[in-house]
Amino acid sequence: MSEETGSRWAHVEEPLPRGERPRCPFCGSTETELFSLFGQQLLTAQYYCNRCHTPFEYIKGDDVLEDAKAKLTSSEE
């Protein structure tokens, strides 16, 4: 594997500040919403991009749990 190819996969994003949404990896939009707390792996959650209408996975962190809590409380109202 070349150094150029290896660096493409080595990018890891920092945890998001509170209140910010994950950025869509396809279009770059932050118009995203939590779709499911469980992705294909235990450490991922599924998000949906409202701009390009594409689902994507995001590594779970405290920000994902806050999104899930907000979604749960808004559906109860």
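Details of the structure are given in the entry above.
Report on the accompanying structure. Because the structure is predicted, anything quoted here is derived from the model rather than measured.

## Looking at the state of the cysteines
Here's step 1: If you walk through the whole model with that rule in mind, you get zero disulfides.
Here's step 2: The thiol of Cys 24 is not disulfide-bonded; the next cysteine sulfur, from Cys 52, is found 3.7 Å away.
Here's step 3: As a non-bridged cysteine, Cys 52 has Cys 49 as the owner of its nearest cysteine sulfur, 3.7 Å distant.
Here's step 4: Given a relative accessible area of 28%, Cys 52 falls into the partly exposed group.

## Comments concerning the environment of Gly 28
Here's step 1: Looking at the element boundaries, Gly 28 is found in the loop between α1 (3–9) and β1 (32–36).
Here's step 2: Expressed as a C-alpha distance, the spacing of Gly 28 and Arg 51, which sit 23 residues apart in the sequence, is 9.3 Å.

## Concerning the sheet that holds strand β2 (residues 44–49)
Here's step 1: Across the sheet, which stays open at both edges, the three strands sit in the order β1-β2-β3 with antiparallel pairing between neighbours. The two strands at the open ends of the sheet, each matched to only one other strand, are β1 and β3 (55–59). With direction set aside, neighbouring strand axes in the sheet form an average angle of 45 degrees.
Here's step 2: Both β1 and β2 contribute to a ladder of four bridges, which runs antiparallel. Counted as the bridge partner of Thr 32 is Cys 49 from β2.

## Observations regarding the environment of Gly 61
Here's step 1: Counting through the fold element by element, Gly 61 comes out in the loop between β3 and α2 (62–76).
Here's step 2: With 45 residues separating them along the chain, Gly 61 and Leu 16 place their C-alpha atoms 8.7 Å apart.

## With respect to the side chain of Thr 32
Here's step 1: By the secondary structure assignment, Thr 32 is in strand β1.
Here's step 2: Taking the relative accessible area as the measure of exposure, Thr 32 reaches 5% and is therefore buried.
Here's step 3: Beyond its immediate chain neighbours, meaning those up to four positions away, Thr 32 contacts Arg 21, Pro 22, Cys 24, Tyr 47, Tyr 48, Cys 49, Asn 50 and Phe 56.

## Overview of the pairing of β3
Side-chain direction in a regular strand flips from residue to residue, so the side chains alternate between the two faces of the sheet.
Here's step 1: In β3, alternate side chains face the same way, and those of Phe 56 and Tyr 58 are buried while those of Pro 55, Glu 57 and Ile 59 on the opposite face are not.
Here's step 2: For β2 and β3, the ladder comprises five bridges, and the chain directions are antiparallel. For Ala 45, the partnering residue across the bridge sits in β3 and is Tyr 58.
Here's step 3: Counting the residues between successive antiparallel strands, the hairpin from β2 to β3 contains five residues, one of them, His 53, with a positive phi of roughly 60 degrees.

## What about the pattern of salt bridges?
Here's step 1: A full pass over the atoms with the stated rule returns one salt bridge.
Here's step 2: The salt bridge involving Asp 67 is made with Arg 21; its shortest N-O contact spans 2.8 Å. Placement of the pair is Asp 67 in helix α2 and Arg 21 in the loop between α1 and β1, with a sequence separation of 46 residues.
Here's step 3: Residue Asp 67 is classed as buried on the basis of its relative accessible area, which comes to 15%.
Here's step 4: Accessibility expressed as a relative area gives 33% for Arg 21, which makes it partly exposed.

Rules and cut-offs
- Residues numbered from 1 in each chain as written.
- Predicted model: local features only at pLDDT ≥ 70, side-chain atom pairs only at ≥ 80, totals over all residues.
- Heavy atoms only, no water.
- Disulfide = S-S within 2.5 Å.
- Buried < 20%, exposed > 50% of the residue type's maximum accessible area, 1.4 Å probe, protein only.
- Helix = DSSP H or I, 4+ residues; strand = E, 2+ residues; numbered from the N terminus.
- Pairing = 2+ DSSP bridges.
- Axes fitted to C-alpha atoms, helices over the stretch in contact; angles between N-to-C directions.
- Contact = heavy atoms within 4.5 Å.
- Salt bridge = Lys/Arg side-chain N within 4 Å of Asp/Glu carboxyl O.

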